Amino acid sequence: MINILQNNNKIIINTDIDGVLSGLILQNYLGSEIVGFSNSDNTVWIDKSKTNTIYDAVYIDMYVPRSTVGCVDQHIVCVNAEHHARLIKNSLKSNPNLDNPRYHLPNQSYYVKYPFGTIHYIIAKLEGAGIKINLNGNSPVGNLTLFDLILRADDAMKTSVDSPYVANAKDWWQWLKRNSNNGSMVTSLIGYLEGLNSNKVLSIKTQTTKLLTSEPFFCTSPDGGFKSILNNSTGDLNQNVLEYLNFIADSCGLNRIKVSKSYAPNVGNVNRTMLNNDQIHELIDNNSIQGQEIFSYAFVRSSNRDSNFSYTIM
């Protein structure tokens with residue numbers, strides 16, 4: 001992972017709490033430059049003074065299959081073992097489900113996929129490389145703590161304490177701990193989770209959702225995300241988005257994201273479907289569907305559920 005970001009320090013991050021936390025950590029500890037944002041759906045916004053196209057930066061918390069594009073994410077991107085054998089050869093892709101192989105097929109593999117956020121993976125990778133993450137997880141954030149914000153990413157707290165996937169979560173926390181070389185931040189996150197119960201988790205999640213979706217941030221998703229980030233009239237970054245980015249940085253005690261006055265939107269089309277056998281082979285061989293190059297995709301449900309494949313065409 002670190003090699004990807006040292007080779008290209010320009011990153012595009014998602015607008016939810018996972019993407020923002022990941023971007024802040026990479027900016028502050030690896031010197032990455034945040035040159036754009038994505039809503040992990042249909043839009044990528046870039047600062048054209050810093051990057052020429054949407055393919056020039058490393059994507060954080062989103063998988064982009066084009067072979068020349070770097071990405072660090074945590075989604076299920078392999079159809080099966082054959083697909084994994086191909087993707088693992090590309091050194092520009094970093095993902096726990098590639099490192100510790102998990103596939104869409106068979107379902108038994110999908111059910112034990114990585115269940116946390118990209119931020120938790122990044123912290124483990126940095127600590128494993130000997131980079132000490134100096135975050136005080138117990139520092140107060142209103143009635144919450146920084147740990148509560150970090151564990152809100154991809155619902156990691158609830159998954160770890162109060163879900164049908166607790167056993168899988170425990171296995172993956174131990175995997176992260178090994179990969180962090182028993183890093184202090186990963187170890188502290190595990191220790192914090194061990195002190196929680198179902199009622200406490202529900203209370204924390206309710207408070208976190210209220211914090212993120214209320215004034216002054218008005219996030220449009222309960223995990224602190226935005227569908228749109230620009231003022232339609234001026235093209236400038238919305239003030240509530242800027243305040244949100246600054247709030248997360250200040251809560252972490254990290255340097256704020258250096259935002260630009262304006263960003264150029266690149267809008268695509270998002271689709272949900274189930275792949276038939278021909279489409280599976282086309283995806284594996286060409287990163288396309290019905291002859292169109294896929295910009296980004298993920299398997300978001302098991303194969304026995306409808307609309308399990310989400311993809312974007314730019």
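All of these numbers come straight from a predicted model, not from anything done at the bench.

Each value, and the rule that gives it
Residues numbered from 1 in each chain as written. Predicted model: local features only at pLDDT ≥ 70, side-chain atom pairs only at ≥ 80, totals over all residues. Heavy atoms only, no water. Helix = DSSP H or I, 4+ residues; strand = E, 2+ residues; numbered from the N terminus. Buried < 20%, exposed > 50% of the residue type's maximum accessible area, 1.4 Å probe, protein only. Polar contact = N/O pair within 3.5 Å; in protein donor to acceptor, adjacent residues only side chain to side chain. Phe/Tyr/Trp six-rings, centres within 6.5 Å; stacked < 30°, edge-to-face > 60°. Lys NZ or Arg CZ within 6 Å of the ring centre and 35° of its normal. Expected span 1.5 Å × (residues − 1). Pairing = 2+ DSSP bridges. Right-handed = clockwise from strand over helix to strand, strands pointing away. Contact = heavy atoms within 4.5 Å. Axes fitted to C-alpha atoms, helices over the stretch in contact; angles between N-to-C directions. Core = buried A, V, L, I, M, F, W, Y, C linked by side-chain atoms within 4.5 Å.

> I'm lost on the side chain of Asn 95 in this one. Help?
Within the secondary structure layout, Asn 95 lies in the loop between strand 6 (93–94) and helix 4 (96–99). Here Asn 95 falls in the buried class, since its relative accessible area comes to 1%. A polar atom in the side chain of Asn 95 sits 3.2 Å from the side chain of Asp 73.

> Explain the packing of aromatic side chains here, please?
Scanning the model with the defined rule gives 18 aromatic pairs in all. When the centroid spacing of 5.9 Å and the interplanar angle of 65 degrees are considered together, the rings of Phe 217 and Tyr 244 count as edge-to-face. Here Phe 217, found in the loop between helix 11 (198–213) and helix 12 (239–252), pairs with Tyr 244, found in helix 12; they are 27 residues apart in sequence, far enough to count as distant. Each of the two residues, Phe 217 as well as Tyr 244, counts as buried. A centroid spacing of 4.8 Å and a plane angle of 35 degrees characterise the contact between Phe 217 and Phe 247, whose relative ring orientation is tilted. Separated by 30 residues along the polypeptide, Phe 217 in the loop between helix 11 and helix 12 and Phe 247 in helix 12 bring together distant segments of the chain. Overall, the relative accessible area of 6% leaves Phe 217 in the buried class. By relative accessible area, which is 18% here, Phe 247 ends up buried. Each member of the aromatic cluster is reached from another via a ring pair, and the members are Tyr 114, Phe 116, Tyr 121, Trp 172, Trp 173 and Trp 175. Lying across the ring of Tyr 55, Arg 66 places its NZ or CZ 3.6 Å from the centre.

> Explain helix 12 here, please?
With 14 residues, helix 12 should reach 20 Å at 1.5 Å per residue; the first-to-last C-alpha distance of 20 Å fits that figure. Residues of helix 12 that are buried include every one of Val 241, Tyr 244, Leu 245, Asn 246, Phe 247, Ile 248, Ala 249, Ser 251 and Cys 252, and no others. Downstream of helix 12 by a residue or two, Gly 253 has a phi angle that is positive, lying close to 70 degrees.

> Can you help me understand the pairing of strand 14 (residues 309–313) in this one?
Residues in a regular strand point their side chains to alternate faces of the sheet. Of all 5 residues in strand 14, 5 are buried, a share of seventy percent or more. Burial along strand 14 is two-sided: the face carrying Phe 309, Tyr 311 and Ile 313 and the face carrying Ser 310 and Thr 312 are both buried. With 5 bridges connecting them, strand 10 (residues 269–273) and strand 14 associate as antiparallel partners. When the bridges of strand 14 are listed, Asn 269 appears paired with Ile 313.

> Quick question: what am I supposed to make of the pairing of strand 2 (residues 33–38) here?
Among the 6 residues in strand 2, 5 count as buried, and that is most of the element. Bridging between strand 1 (residues 10–14) and strand 2 involves 5 bridges; their strand directions are parallel. If you follow Ile 12 over to strand 2, its bridge partner there is Gly 36. You can see the chain leave strand 1, run along helix 2 (residues 17–30) and come back into strand 2, and the turn it takes is right-handed. Here strand 2 folds back onto strand 3 (residues 43–46), and the loop between the two strands holds 4 residues, one of which, Ser 40, carries a positive phi near 55 degrees.

> Looking at this structure, I do not really get the side chain of Ser 302. What am I missing?
Relative to the assigned elements, Ser 302 resides in the loop between strand 13 (296–299) and strand 14. There is a polar contact of 2.5 Å between the side chain of Ser 302 and the side chain of Asn 304. Setting aside anything within four residues of it in sequence, one finds Ser 302 in contact with His 104, Asn 107, Tyr 110, Tyr 111 and Asn 308.

> Can you help me understand unusual backbone geometry in this one?
The phi angle of most residues is negative, glycine excepted, and most peptide bonds adopt the trans form. The omega torsion across Leu 105 and Pro 106 is 5 degrees, close enough to zero to call that bond cis. By the secondary structure assignment, Pro 106 is in the loop between helix 4 and helix 5 (107–110). Of the consecutive residues Glu 215 and Pro 216, the connecting peptide bond is found in the cis state with omega at 10 degrees. Along the polypeptide, Pro 216 turns up in the loop between helix 11 and helix 12. For Ser 40, which is not a glycine, the phi torsion comes out positive at approximately 55 degrees. Turning to its location among the elements, Ser 40 is positioned in the loop between strand 2 and strand 3.

> Which parts of the structure should I look at to understand the sheet that holds strand 14?
Pairing between sheet strands relies on hydrogen bonds along the backbone, with the strands arranged either parallel or antiparallel. Strand order across the open sheet formed by 3 strands is 10-14-13, with antiparallel pairing between neighbours. The strands lining the two open edges of the sheet, one partner per strand, are strand 10 and strand 13. Here the strands of the sheet are splayed against their neighbours by 15 degrees on average, with no regard to which way each runs.

> So what exactly am I meant to see when it comes to the nonpolar core here?
Generally speaking, soluble globular proteins have nonpolar side chains that are buried together. Core analysis: the largest hydrophobic core is formed by 70 residues, its most contacted members being Ile 60, Leu 135, Tyr 244 and Ile 248. When residues no more than four places from it in sequence are discounted, the contact partners of Ile 248 are Ile 17, Val 20, Leu 21, Leu 24 and Leu 149. Membership of the second largest hydrophobic core comes to 32 residues, among which are Val 44, Ile 76, Val 77 and Leu 283.

> Could you clarify how one ought to interpret helix 9 (residues 166–179) in this entry?
Each α-helix turn comprises 3.6 residues. Residues three or four places apart therefore point the same way. Compared with an ideal rise of 1.5 Å per residue, which puts 14 residues at 20 Å, helix 9 spans 20 Å between its outermost C-alpha atoms and is within 8% of the ideal. For helix 9, the set of buried residues is Val 166, Asn 168, Ala 169, Trp 172, Trp 173, Trp 175 and Leu 176. Looking at the buried residues of helix 9, the elements they touch are helix 4, helix 6 (118–128), helix 8 (156–161) and helix 10 (184–194).

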